[in-house]
Amino acid sequence: MPENKFLKDAALIPQKLVLDRDSIQFTVKGTIPIESILSPKNPQVRLSFRGADTVLDLGILELEKNVANYSYEKEFSLKFAPWMSSASLELVFQQGKKDSQSGKETKILSKGVVAPQLMVKLGSVYADEPIYPVGLFITSQNIDRDIVRVKDFALQFDLGSGNYKSNASNSRTLSEIDAFIEANPDILEIKITGIQSPESGEGKNSVLGMNRAEAAKKALGVRLNSLKESQIKVDSRWKDWFDLRLLLRDYNGISTNRKDELYAILMNQEAYMEQSERLRKVPGFSQVSQDLFPKLRVAKIEIAAKPRSGLDMQQSIKLKEALSKSDGTNSLSFEEWALAAEASPSLEEKAVIYSKMTEFYRSALPYNNMAVVRMRQAQRTLDPQSQEILWEEAMRLLTQAYRIDPNPYTIHNQGQILVFQENYWDAYVKLSEASGMTQNSDFIQTNEALKGALDILRGDYKLATLRFDYKFSNPKDYFNKGLAYYMIQDYSNATMAFEESVEQGREFGYGFYGLAMIAAASGQKEVAIIHLKKAIAANRQLADKAFRDPLFEELRESKEFFTELSSN
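What counts, and where the lines are drawn
Residues numbered from 1 in each chain as written. Predicted model: local features only at pLDDT ≥ 70, side-chain atom pairs only at ≥ 80, totals over all residues. Heavy atoms only, no water. Helix = DSSP H or I, 4+ residues; strand = E, 2+ residues; numbered from the N terminus. Buried < 20%, exposed > 50% of the residue type's maximum accessible area, 1.4 Å probe, protein only. Contact = heavy atoms within 4.5 Å. Areas by Shrake-Rupley, 256 points an atom, 1.4 Å probe, with all protein chains shown as cover. Phe/Tyr/Trp six-rings, centres within 6.5 Å; stacked < 30°, edge-to-face > 60°. Lys NZ or Arg CZ within 6 Å of the ring centre and 35° of its normal. 1 Å grid on protein atoms, 1.4 Å probe; cavity = no way out; pocket = protein on both sides within 12 Å on 5 of 7 lines; lining within 4 Å. Points joined across faces, edges and corners; volume = space filled by probe spheres on them. Nonpolar A, V, L, I, M, F, W, Y, C, P; charged D, E, K, R; others polar. Pairing = 2+ DSSP bridges. Axes fitted to C-alpha atoms, helices over the stretch in contact; angles between N-to-C directions. Salt bridge = Lys/Arg side-chain N within 4 Å of Asp/Glu carboxyl O. Parallel < 35°, antiparallel > 145°, perpendicular 65-115°, else oblique. Left-handed = near helix turned anticlockwise from the far one by under 90°. Core = buried A, V, L, I, M, F, W, Y, C linked by side-chain atoms within 4.5 Å. Arc of directions from axis to C-beta.

### Points about the overall build of the protein chain
Here's step 1: Counting its regular elements, the protein chain contains 21 helices and 13 strands.
Here's step 2: Taken along the three principal axes of its C-alpha coordinates, the protein chain extends 95 × 75 × 45 Å.
Here's step 3: In the protein chain, which comprises 568 residues, the proportion classed as buried is 52%.
Here's step 4: Long-range contacts, defined here as pairs at least 24 residues apart, represent 66% of the contacts in the protein chain between residues at least 6 apart.
Here's step 5: For the protein chain, the accessible surface area stands at approximately 28,000 Å², while carbon and sulfur atoms represent 48% of it.

Right, dumping it as structure tokens:
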């Protein structure tokens, strides 16, 4: 495009369009020079917002004639629509006759809208992305066997030692592990990570951390016998401040200002030794190291598991008989029916069992749970018409469940469907109603996480951060948590949440994308490109977004951006 003469002074304030709650506010201003040769005849400046299939005409800007120029300035407030995400704000100057091309100029003021909050994950999935379950089952014995429970444990080691020591603290930890496994015997994965502190007595290579991990694995003994090798992951961390950052989060031995100073150093992407030198110069760090370094001489054990589920052989035979008959006979108890459905990995089989239960029992459970099955089937289809049909059926079932027994699970599920239908305010009302109806910790965590995601869309980011104060097993919840902190520019907590998202599921990809956003905001272009490359490698859905996102506009001006990412 040729260089502008009349629009060269045109400016957008702020320099990028930014979504704030449900609208975009900006000002367009500039001047048109009046010179003997370039003096425009009947000048006109028109603004439009141009998308792929939609054009929004924002009208002609009023020009004020001055001695040396025409000036213009106008404020705009636009209700946001999805098509604007990839649209261009375009200014057109024209003079003379209406259809004349003489002296016509065009200037793109902005491309796209900065709206990271729209990345919030609400349960919808896209092709090639992991599917995380939505909806809450009413379960027998108040145990949702679909919910993965994740708990961290730590075995302590002496300074510089990789040998397991059977002391009171470690014996207590092993007892806690046994209690957790007894309550949740269906172990999905155990991660054992050897950690070593930055103390000089902890060695100068990563061997110590790995020795601790192997020693912890050996100490777990028969607890691992039933697991496949692929379910046990042994690793170590060395020259990494991740674990110290986690400890700092709940540490009260120094002031908040000092803690923020330490966080700033831990997050600045400098080399490990440079960070170490800077940390030691912060007043109060000697107390931090005295209190927290010993807690880094550990092997961390993270167990992801579910409660035991399923029927025994005799119960399974009775279930098969009951499903095959239509004479109304039933030799299974209500709890056995519920347990059979909970244990089935197949949505179709769950639906058959819950449907049969409605013939025998007047209970909210089968209606609610059949609705959850329909919600999850809708989640797995990419056809909008089929989704609507499934959501409508689910709503009918939930209405029936609520008539039988008003309960928080049914209300939560109605809220989740309303979220899918983008009726966010009514969804929020439903979820808020459900909040006060139970003290079940699993329910509260799931309900609050969904409310927190909606808080992000509503623009109440601070409130959203409070709703994510849980230990999650789902990378999408950690991504949403990081997004909430990112929106209030608390990059320290945002980074930790995005890192947790990566830890829980690298294939999700969004955790890497979040880390790239923080690096770009901090001016660390190389780091941002590294994270974006990992995000795209993990999740192809993020490739197109990375190449269009206004957050990475400056990044796209570098040759490295296209060299690194196009190869992916």
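Here the narrative resumes, following the displayed structure.
### Remarks on the packing of aromatic side chains
Here's step 1: Applying the stated criterion across every chain yields a total of 24 aromatic pairs.
Here's step 2: Relative to Tyr-361, the ring of Phe-360 lies with its centre 6.3 Å away and its plane at 75°, an arrangement referred to as edge-to-face.
Here's step 3: Judged by its relative accessible area of 22%, Phe-360 is partly exposed.
Here's step 4: Among the aromatic side chains, those forming a connected cluster through ring pairs are Tyr-132, Phe-479, Phe-498, Phe-508 and Tyr-510.
Here's step 5: Arg-458 extends its terminal NZ or CZ atom over the ring of Tyr-428, reaching a point 4.4 Å from the ring centre.

### Thoughts on the layout of surface pockets
Here's step 1: In this structure, the second largest pocket encloses a volume near 1,700 Å³.
Here's step 2: The wall of the second largest pocket is formed by 45 residues, among which Leu-118, Met-119, Tyr-126, Glu-422 and Tyr-424 lie closest to the centre.
Here's step 3: The element that contributes the greatest number of residues to the lining of the second largest pocket is helix α20 (residues 541-548), accounting for five residues.
Here's step 4: Taken together, the residues of the lining of the second largest pocket break down into 25 nonpolar, nine polar and 11 charged.

### Examining the sheet that holds strand β5 (residues 55-60)
Here's step 1: In spatial order, the strands read β5-β4-β8-β9; together these four strands make up an open sheet with antiparallel pairing. Only two strands of the sheet have a single neighbouring strand rather than two, namely β5 and β9 (105-111). Recorded for the sheet is a direction-independent mean angle of 20° between the axes of neighbouring strands.
Here's step 2: Relative to strand β8 (residues 88-94), strand β4 (residues 44-50) runs antiparallel, the two sharing seven bridges.

### Looking at the side chain of Ser-236
Here's step 1: Residue placement: Ser-236 occurs in strand β12 (residues 232-237).
Here's step 2: We classify Ser-236 as buried; its relative accessible area is 18%.
Here's step 3: In this structure Ser-236 touches Thr-193, Gly-194, Ser-206, Gly-209 and Met-210, once residues within four positions along its chain are discounted.

### Quick look at the pattern of salt bridges
Here's step 1: In this structure the tally under the stated criterion is 28 salt bridges.
Here's step 2: Its salt-bridge partner being Asp-158, residue Lys-165 comes within 3.3 Å of it at the nearest N-O pair.
Here's step 3: A relative accessible area of 42% means that Lys-165 is categorised as partly exposed.
Here's step 4: You can call Asp-158 partly exposed: its relative accessible area is 37%.
Here's step 5: Glu-261 serves as the salt-bridge partner of Arg-258, at 2.9 Å between the closest nitrogen and oxygen. Separated by three residues within a single helix, Arg-258 and Glu-261 lie in helix α4 (residues 256-266), roughly one turn from each other.
Here's step 6: Classification of Arg-258 as partly exposed rests on a relative accessible area of 31%.
Here's step 7: If you follow the salt bridges from partner to partner, you end up with Asp-152, Lys-191, Glu-302 and Lys-471 in one network.

### With respect to the packing of helix α12 (residues 408-420) against helix α14 (residues 441-458)
Relative placement of two packed helices is described by the angle separating their axes and the distance separating the axes.
Here's step 1: In contact at an axis separation of 11 Å, α12 and α14 are set at 25° when each is read in the N-to-C sense. By the angle between their directions, the pair α12 and α14 is classed as roughly parallel. In the packing of α12 onto α14, the handedness of the crossing is left-handed. Contact with α12, carried on its side by Pro-408, Tyr-409, His-412, Gln-416 and Val-419, involves Phe-443, Thr-446, Asn-447, Leu-450 and Leu-454 of α14 and no other residues of that element.

### Examining empty space enclosed by the protein
Here's step 1: In the structure shown here, the tally under the stated rule is three cavities of 30 Å³ or more.
Here's step 2: Volume-wise, the largest cavity comes out at about 100 Å³.
Here's step 3: In terms of lining, the largest cavity is formed by 13 residues, of which the most central are Ile-195, Gln-196, Asp-240, Trp-241 and Leu-296.
Here's step 4: In terms of residue class, the lining of the largest cavity is built from seven nonpolar, two polar and four charged.
Here's step 5: Volume-wise, the second largest cavity comes out at about 70 Å³.
Here's step 6: Among the residues making up the lining of the second largest cavity, the classes are represented as four nonpolar, three polar and three charged.

### Examining the sheet that holds strand β10 (residues 149-156)
Here's step 1: What the four strands build is an open sheet, ordered β10-β13-β11-β12; its pairing is mixed. One side of each edge strand has no neighbouring strand; the edge strands of this open sheet are β10 and β12. Within this sheet the neighbouring strands show an average axis-to-axis angle of 20°, counted without direction.
Here's step 2: Both strand β11 (residues 186-195) and strand β13 (residues 298-306) contribute to a ladder of eight bridges, which runs antiparallel. By the bridge assignment for β13, Asp-186 is matched with Lys-306.
Here's step 3: Strands in contact with helix α2 (residues 207-220) are β10, β11, β12 and β13; relative to β11, the strand with the most contacts, it is inclined by about 145°.

### A few points about the nonpolar core
Here's step 1: Among the nonpolar cores identified, the biggest contains 52 residues, and Met-119, Leu-122, Leu-454, Ile-456, Tyr-513, Met-517 and Leu-532 are the most heavily contacted of them.
Here's step 2: The leading source of residues in this core is helix α18 (residues 510-521), at eight residues.
Here's step 3: If sequence neighbours within four positions are ignored, Leu-532 has contacts with Tyr-513, Ala-516, Ala-546, Phe-552, Leu-555, Phe-561 and Leu-565.
Here's step 4: Counting residues in hydrophobic clusters, the runner-up holds 38 residues, among them Leu-136, Ala-338, Leu-397 and Tyr-409.

### A short note on α4
Here's step 1: Considered for burial, the residues of α4 that qualify are Lys-259, Leu-262, Tyr-263, Ile-265 and Leu-266. Buried residues of α4 fall within an arc of 160° about the axis and therefore sit on the same side.
Here's step 2: Here the buried face of α4 lies against α3 (242-249), α5 (272-280), α6 (285-292) and α17 (491-504).

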